[in-house]
Amino acid sequence: MTASHDTQTVGYPRIGKNRELKRALEAFWKRETDADTLLATFQQVEEDGWRTQRDAGIDHIGVGDATLYDHVLDWSVRLGLIPARFAALQGLDRYFAMARGAEGIPALEMTKWFDTNYHYLVPEITADVSPTAHFAEFLARIQRAQALLGERTVPIVLGPVTMLRLAHLEIPFETALAQWLPLYVELLASLKALGVREVQLHEPALILPDVADSRPQIEAAAAALAAVGLPLNLVIPFDDVGDAFPWIAALPVAGLTLDFTRGETAALLERYGWPADKFLAAGVVDGRSVWRVRGADVLPLLRELAGYATLRLSASCSLQFVPYSAALETALPAPLHDVLAFAEEKLHELVALRETVTAARPWDDSPWERFRAFAPAEVALRQRLASLTAADFSRAEPYAARRPQQLALPPFPLTTIGSFPQTAEVRQLRARFKRGELSEAAYRAALDGWIAYTVGVQEGLGFDVLVHGEFERSDMVEYFAEKLTGFAFTQHGWVQSFGSRYVRPPIIYADVTRPGPMTVREFEVAQSFTRKPVKGMLTGPVTLLNWSFPRTDIPRQEVAFQLALALRAEIADLERAGARVIQVDEPALREGLPFKPDRRAAYLAWTVDAFRLATGGAASATQLHTHMCYAEFGDVLPAIDRLDADVISLENARSGDETLRALAEYGYAREVGPGVYDIHSPVIPDDAFILEKLRVFRRHLADAQIWVNPDCGLKTRTWAEVLPALRALVAAVQRLRAELGKAGQD
């Protein structure tokens, strides 16, 4: 077999087909198992993935990307990027403290990995951090892979440019690159000594629009790495490299892996050509989609690419963003099942594409024909979308006129983001109902008991706007998808969001409609237990879209507008039920922002319009909230302003108040709930910590703008953690209100 016909992978799912790593991690954190047990489970999951890729016939298998928590955190540790606050800790204690925090030690900031729903831990590079190599664990892993895979083993190394671009840098980029580059040279020399034939250098940061600003440093770094004499495969997923294509293609590497599923990579190749001395690994199998390859779309491209370069066939990115195997999904209708391809199926697609291109074997697209007959368009819905006018996308009155008609609340109103602890008892309750072991009446009665308890807790503590706790919801997307048409659901389709937090995205396969109310019953139950306002809790249209596996046969905007119409009807039903506060969460709006500036305006236009279509019919007296988390918001503040939400809550606990400063500089005039503590850490804050946070908020925002809330939902925490944290939150607000009252009297 020649190199031009090879296949490769650039990453694989790493959580275990049965979520073995999640269970091992959480047992270790609870001190129910030891480190050896955890690491044995981790190695088993990793090696199972290697064997699957080998047995599928993949020629170059990327290894080394598996992680106990986050692969970026792993490289922070390997490169000695250990902030001083963690210096006293060692081993796994330090590793997990950096990920989750420890008593008195805040965790690293967490944010979205490019435009995916994966969260990474942001490296910190301060002037007092020195480059220190800790590669023994990684090298031992490569040796384990070699024992299983032989020459197919291709180490995956997260490149220096991406590490530094993702980091919080307190020193200039060029200084940091010069300091840390020798460690990369050392690592490549060690890998060469192990006899590896090639290394994948993952540099997704090369897609960023300002990459040319660092061209001299990048070219010098590439030359230094190439001098080791180990062939480098420069892997650049998630988009094209834009105008930087000519000089990036000329870097001294053996080949490049480029993403042909997003951006304009094919057009760039046609414009600039391809250097004859490099292989091209074409990412034509979409690593972020669950749909089967359409031969009619891909085969003409592959035949064209074969004329430009020595060609490999590749996934567009790591397969960590899709589930393990569609073969496990035995409950799906056959016409849908036959057009799905998860990680294992994508391996076989790569091999089948190779055989089709090299041996002229036919490619069968007939499953797509059967699928199109299975999922026809909803004519009435399409007509409704076509009849939308500008008035459908706006509230009846501007914010200044709405606000006096809405709730009158004390200074620094207290609320939470929505969910409360999803205990084992709650999860078992839902599972028993789904298995048919509980009647609907018994299930609802049990849910109502949890709602009553949660409302009582909030009212007893002194919260001002309450939530029902979301005990009926396994996931903020899946719950709504189950109540809408056009969605399908997997049994084993888990993907990693961060750490041990996995999600099971639904699949949008047809037009989306709302058969009936989705949240009204639980709202009415909660409101019946209190005279205080209870929030109606909805997931926004863009988040429902971005956190599902969307269809690809119609524009994403059209799907978002379908979802928005369903939510618009739900808001109307909640208002009729008496809701005066409704929260429409959009944490995924920012993560989908295109990297290239010339594409951003169009994306922000339709995503904001989708939110406004969902909320535009709400009465002026209805206070509309939205929630966003774990993303950089400074460059989308005009879009956030145009959402026209009355209150926005934001993750703030790990981000150093940058968003608050940006809001203040922008002149944001509506109300804001910056998160006062990190719910993804087991550390319980005290009231002094929260009070200091509130005082910082007051430096940036007017008192009348500030709401007080945790930075995200509380579903991942225990009641033993939540109750003291919320008591501290209330105590801090009471102290601040008392101080303000005294100041007013003086």
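Quick summary incoming for the structure in this document. (Residues numbered from 1 in each chain as written. Predicted model: local features only at pLDDT ≥ 70, side-chain atom pairs only at ≥ 80, totals over all residues. Heavy atoms only, no water.)

## Some remarks on the overall build of the protein chain
And step 1. Scanning the protein chain from terminus to terminus reveals 27 helices and 21 strands.
And step 2. Its C-alpha atoms give the protein chain a radius of gyration of 26 Å, near enough to 27 Å, the size a compact globule of 746 residues would have.
And step 3. By the burial criterion, 60% of the 746 residues in the protein chain qualify as buried.
And step 4. Here the analysis covers contacts within the protein chain between residues at least 6 apart in sequence; of these, 79% occur between residues at least 24 apart.
And step 5. Of the roughly 27300 Å² of accessible surface on the protein chain, 53% is carried by carbon and sulfur atoms.
And step 6. Mean positive and mean negative side-chain charge positions of the protein chain (78 and 95 charges, respectively) differ by 3 Å. (Helix = DSSP H or I, 4+ residues; strand = E, 2+ residues; numbered from the N terminus. Rg over C-alpha atoms; globule rule 2.2 N^0.38 Å. Buried < 20%, exposed > 50% of the residue type's maximum accessible area, 1.4 Å probe, protein only. Contact = heavy atoms within 4.5 Å. Areas by Shrake-Rupley, 256 points an atom, 1.4 Å probe, with all protein chains shown as cover. Lys, Arg positive; Asp, Glu negative; His and termini not counted. Charge placed at Lys NZ, Arg CZ, Asp CG, Glu CD.)

## Thoughts on the packing of aromatic side chains
And step 1. Applying the stated rule across the entire model yields 26 aromatic pairs.
And step 2. Connected via pairs of aromatic rings, a cluster forms that spans W113, F114, Y120, F238, F321 and F595.
And step 3. Note that R100 overlies the ring of W29, its terminal NZ or CZ placed 3.8 Å from the centroid.
And step 4. Between R294 and the ring centre of W368, over which it is positioned, the NZ or CZ distance is 3.7 Å. (Phe/Tyr/Trp six-rings, centres within 6.5 Å; stacked < 30°, edge-to-face > 60°. Lys NZ or Arg CZ within 6 Å of the ring centre and 35° of its normal.)

## Some remarks on unusual backbone geometry
And step 1. With phi around 55°, F412 is a residue other than glycine that occupies positive phi space.
And step 2. The residue F412 is located in the loop between α16 (399-402) and α17 (424-434) in this model.

## Points about the sheet that holds strand β21 (residues 671-674)
And step 1. An order of β17-β18-β19-β20-β21 is seen for the 5 strands of this open sheet, with the pairing classed as parallel. For this open sheet the edge positions go to β17 (535-539) and β21, each flanked by a neighbour on one side alone. Sheet twist, expressed as the average angle between the axes of neighbouring strands with direction ignored, equals 20°.
And step 2. Relative to the sheet, helix α22 (residues 556-576) contacts β17 and β18 (581-585), its axis offset from that of β17 by approximately 170°. (Pairing = 2+ DSSP bridges. Axes fitted to C-alpha atoms, helices over the stretch in contact; angles between N-to-C directions.)

## So, the packing of α17 against helix α18 (residues 440-461)
And step 1. Running from N to C, α17 and α18 cross one another at 165°; their axes reach a closest spacing of 10 Å. By the angle class used here, α17 and α18 are roughly antiparallel. Pair α17 / α18 crosses with left-handed handedness. Side by side, α17 and α18 meet where E425, V426, L429, R430 and F433 of the first sit next to E440, Y443, A446, L447 and W450 of the second.
And step 2. Taken together, the residues of the contact of α17 with α18 break down into 7 nonpolar, no polar and 3 charged. (Parallel < 35°, antiparallel > 145°, perpendicular 65-115°, else oblique. Left-handed = near helix turned anticlockwise from the far one by under 90°. Nonpolar A, V, L, I, M, F, W, Y, C, P; charged D, E, K, R; others polar.)

## Some details on helix α4 (residues 91-100)
And step 1. By the criterion of burial, α4 is predominantly enclosed, with 8 of the 10 residues buried.
And step 2. Among the residues of α4, L92, R94, Y95, F96, A97, M98, A99 and R100 are the ones counted as buried.
And step 3. Looking at the buried residues of α4, the elements they touch are α1 (20-29), α2 (35-56), α3 (71-78) and β4 (119-121).
And step 4. Directly beyond the C-terminal end of α4, a positive phi value near 85° is found at G101.

## Here we look at the sheet that holds strand β6 (residues 153-158)
Picture the strands of a sheet paired through backbone hydrogen bonds; they go either parallel or antiparallel.
And step 1. Ordered in space as β1-β2-β6-β8-β9-β10-β11-β12, the 8 strands form a closed barrel in which the pairing is parallel. If you compare each strand with its neighbour and ignore which way they point, the axes differ by 25° on average.
And step 2. In this structure, strand β2 (residues 60-63) lies alongside β6, joined through 3 bridges in parallel fashion. In the sheet register, G62 faces β6, and the bridge partner there is V154.

## Here we look at the nonpolar core
And step 1. In terms of nonpolar packing, the biggest core is built from 142 residues, with W113, L191, I248 and W291 touching the most fellow members.
And step 2. The greatest single-element share of this core, amounting to 10 residues, is contributed by helix α7 (residues 173-193).
And step 3. In terms of nonpolar packing, the next biggest core, distinct from the first, is built from 106 residues, F412, I554, F611 and A614 among them. (Core = buried A, V, L, I, M, F, W, Y, C linked by side-chain atoms within 4.5 Å.)

## What about the packing of α22 against helix α23 (residues 597-615)?
And step 1. Their axes nearest at 6 Å, the elements α22 and α23 cross at an angle of 20°. By the angle class used here, α22 and α23 are roughly parallel. For the crossing formed where α22 meets α23, the hand is right-handed. Across the interface between the two elements, R556, Q557, A560, F561, A564, L565, L567, R568 and I571 from α22 touch Y603, W606, D609, A610, R612, L613, A614 and T615 from α23.

## Quick notes on the pairing of strand β11 (residues 279-285)
And step 1. Where burial is concerned, most of β11 is hidden: 7 out of the 7 residues are buried.
And step 2. Of the strand pairs in this sheet, strand β10 (residues 255-259) and β11 are connected by 5 bridges, and their pairing is parallel. Directly across from G255, in β11, lies its bridge partner F279.
And step 3. Regarding the hand of the β-α-β motif, the stretch spanning β10, helix α10 (residues 265-272) and β11 is right-handed. (Right-handed = clockwise from strand over helix to strand, strands pointing away.)

## Here's the deal with α7
And step 1. Between its first and last C-alpha atoms α7 spans 30 Å; for 21 residues at 1.5 Å apiece the expected length is 30 Å, and the two agree.
And step 2. The largest bend along α7 reaches roughly 35° and is located at W180, with the proline P182 sitting one to four residues downstream.
And step 3. Taken residue by residue, α7 has F173, A176, L177, W180, L181, L183, Y184, L187, L188 and L191 as its buried positions.
And step 4. Directly beyond the C-terminal end of α7, a positive phi value near 90° is found at G195. (Expected span 1.5 Å × (residues − 1). Bend = angle between axes of the 7 residues up to and from the residue.)

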